[in-house]
Amino acid sequence: MQQQTGPIVVPSIAPVERRAAAIEAALEAQGWQAGEHVAEATRRAEEEWVPANGARLVAKAWTDPAFRRRLFADGLAAAAELGFTLPKHHRHLVFLENTPAVHNVICCTLCSCTAFTIIGLPPDWYKDLEYRSRVVRESRTVLKEMGLVLPPDVEIRVWDTTADTRYVVVPLRPAGTEGWSEERLAAIVTRDSMIGVARL
Amino acid sequence: MDGIHDLGGRQGFGPVRHVPDAPAFHAEWEKRINALYGLAVRRGLFNMDEYRHAIERMEPRHYLTASYYERTLTSLATLCVEKGVVTREELEAIAGGAFPLALPAAPGRSNRDGRPKLAIGDAVRVRVEHVPGHVRLPAYIRGKRGVVVGVSPPYPFPDAHAHGVAADDEPTYDVRFVSTELWPDAAEAALVHVGVFESYLEHAS
């Protein structure tokens, strides 16, 4: 046998799509029926886990004072009243009340955790290095860069999702919406406002 | 571990690339990988702490340049290889090229003996510990003082759960810190809340 004398050749990294297909094929070979599961999981991610869920909870909290109290006392139970649940391993859901003097904003510096069944899967920017590194230390500047200029006397409260408790911001109800129906109110509540990077 | 994933307070990053109504997925493979890792958790191949730790164990250059779903893919593949579902060589043969995986894990640890039972309003200090395995303690609160503002139900202890080490479930405490104490003279004023496992905390006088 001839010994190899040339340089060590490092194989080039397979494109990410090919790597994804490879792991799927490996799991299929184990009898996982992955394809079937992908269709169902994708449908849930795109149709069931949507920000409209959180928006309904927020709108109800704006119009129903008793529900508002229950929402802040036990978020999981209040969400269940409208049929919304978290994955089993998340046992605690905390709604954070914005007031004229207090503004809440959520993040996950260690990974990208969210209450995704309530506010939808997180957007790219939430998972990016920039938001995760900066929002805990320069919250006012980050919010300003994202288009939210808070008055200087508003206290900012940042919530870093480092454990399995999940947080949802309840934004301030905008002026001029008196007498609106819950449905009409829910339509103006955005994902960004429930993360806390926007006001309505 | 003091890994590259522990980003809170790191400086030098630019503006957030904020896109209103950004879609969750950008490509078909992302949807498939998101579904497959969920299926693996449901089937008990691995738990969420093992999943997170396999992302943290990615080689830092790879971690920083990979998209979110590439990190998911790398964690899923790493755990499938480590648990004997498939070999790296098999994956590379199907993919037609190199398949970078996360680096091996250090040992885990169980709960701390004599950890404090805390209540809302208690003043606490975060213990100064450097943990080689998985830990859900962001470095920016290490050694810092805060106040408990919330208590969660008990959860599996991540430092153990990510490594197959036996441990009791323990609650996490929402602890309120003052940003200007976390980064003295080098942060904008804010209250920063972190979900902290009981084993990481002690009473502060």
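Residues numbered from 1 in each chain as written. Chains lettered and ligands numbered in written order. Predicted model: local features only at pLDDT ≥ 70, side-chain atom pairs only at ≥ 80, totals over all residues.

### Comments concerning the interface of chain A and chain B
Counting residues at the interface gives 65 residues for chain A and 66 residues for chain B. Broken down by secondary-structure element, the contributors of at least two residues to the side of chain A that touches chain B are helix H1 (16–29), helix H2 (34–48), strand S1 (92–97), helix H7 (124–127), helix H8 (129–134), helix H9 (139–145) and strand S3 (155–160) of chain A. Ranked by residues supplied to the side of chain A that touches chain B, first place goes to H1 of chain A with 11 residues. Residue classes in the side of chain A that touches chain B are distributed as 30 nonpolar, 15 polar and 20 charged. Sheet topology note: the S3 of chain A/strand S4 (residues 191–197) of chain B ladder contains four bridges and is parallel. Directly across from Asp 160 of chain A, in S4 of chain B, lies its bridge partner Val 194 of chain B. (Contact = placed C-beta atoms within 7 Å. Helix = DSSP H or I, 4+ residues; strand = E, 2+ residues; numbered from the N terminus. Nonpolar A, V, L, I, M, F, W, Y, C, P; charged D, E, K, R; others polar. Pairing = 2+ DSSP bridges.)

### Re the confidence of the model for chain B
Counting all residues, the mean pLDDT for chain B is 96, and 100% of those residues have values of 70 or more. Of the two predicted TM-score estimates for the complex, the pTM is 0.95 and the ipTM is 0.97. (pLDDT = per-residue confidence, 0-100.)

### Considerations on helix H4 (residues 68–82) of chain B
Residue and element names in this part refer to chain B. In this model H4 runs 21 Å from its N-terminal to its C-terminal C-alpha over 15 residues, within 8% of the 21 Å that 1.5 Å per residue would give. Among the 15 residues in H4, 14 count as buried, and that is most of the element. Looking one or two residues beyond H4, the residue adopting positive phi is Gly 84, at roughly 80°. (Expected span 1.5 Å × (residues − 1). Buried ≥ 20, exposed ≤ 12 C-beta atoms within 10 Å, placed from the backbone.)

### Comments concerning helix H1 (residues 28–42) of chain B
Counted at 1.5 Å a residue, the expected span for H1 of chain B with its 15 residues is 21 Å, and the 21 Å between its end C-alpha atoms agrees. Counting buried positions over the 15 residues of H1 of chain B gives 11, a clear majority of the element. Listing the buried residues of H1 of chain B in full gives Trp 29, Glu 30, Lys 31, Arg 32, Ile 33, Asn 34, Ala 35, Leu 36, Tyr 37, Leu 39 and Ala 40 of chain B. Those residues of H1 of chain B that are buried are in contact with H1 and H2 of chain A together with helix H2 (48–56) and H4 of chain B.

### Things to note about the domain arrangement of chain A
Each assigned domain of chain A is listed here: domain 1 (16–46) and domain 2 (49–195). For domain 1 of chain A versus domain 2 of chain A, the separation of C-alpha centres amounts to 31 Å. (Domains from an automatic or database assignment.)

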